[in-house]
Amino acid sequence: MWCRIAAHMTAMPFIDVAVFNRKPTLRTLFHTLVHVAQFEVVGVERVMKGYFETLNESGLWMVVPYEEQAYQLDARYTRDPRDTFSVEKEVREWAASGRFN
């Protein structure tokens, strides 16, 4: 299943590096960097565990809390790139509230 998902992705974050399969849009770049921030704040093992548990339970990529947050934040960024906010703060708030569990 992972190969099937990865084939349709435009980017893949690897801890503090992102790999793109074509020139990224600003939205794709932002979304991917949200994942890099999640790895940094929450920890790689916890993020990966969250992905695998959610995928095993639901089979749906979009309901993984880390994806949900990345899509919400990239939509917020896209609506108004001049409206600055801290991705790190947002990730920390989700982690503290238990939304990644």
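An account of the accompanying structure is given in this report. Every value quoted in this text rests on a predicted model; they were computed, and no experiment measured them.

## As for the pattern of salt bridges
Scanning the entire structure with this criterion turns up seven salt bridges. With its nearest N and O atoms 3.2 Å apart, the salt bridge here joins aspartate 80 to arginine 82. Overall, the relative accessible area of 28% leaves aspartate 80 in the partly exposed class. A residue is classified by how much of its surface remains accessible, and arginine 82, at 72% relative accessible area, is exposed. A salt bridge links arginine 92 to glutamate 88; its shortest N-O distance comes to 2.9 Å. Of this pair, arginine 92 and glutamate 88 both sit in helix 5 (residues 87-97), four residues apart, which is roughly one turn of that helix. Judged by its relative accessible area of 42%, glutamate 88 falls in the partly exposed class.

Rules used throughout
- One numbering rule holds for all chains: residues counted from 1, following each sequence as written.
- A pLDDT threshold of at least 70 governs which residues receive local features in this predicted model, and a stricter bar of 80 or more applies before side-chain atom pairs are shown or counted, although totals over entire chains, interfaces and linings include all residues.
- Calculated side-chain values reflect all of the structure's heavy atoms, with hydrogen atoms and water omitted.
- Any carboxyl oxygen of Asp or Glu that lies within 4 Å of a side-chain nitrogen of Lys or Arg is treated as forming a salt bridge with it.
- Categorising residues by exposure relies on relative accessible area from a 1.4 Å probe, with only protein chains included: less than 20% of the type maximum marks a residue as buried, more than 50% marks it as exposed, and the intermediate range marks it as partly exposed.
- In DSSP terms, a helix is any run of H or I states spanning at least four residues, a strand is any run of E spanning at least two, and both are numbered starting from the N terminus.

In short, shape yes, function no, at least from these values alone.
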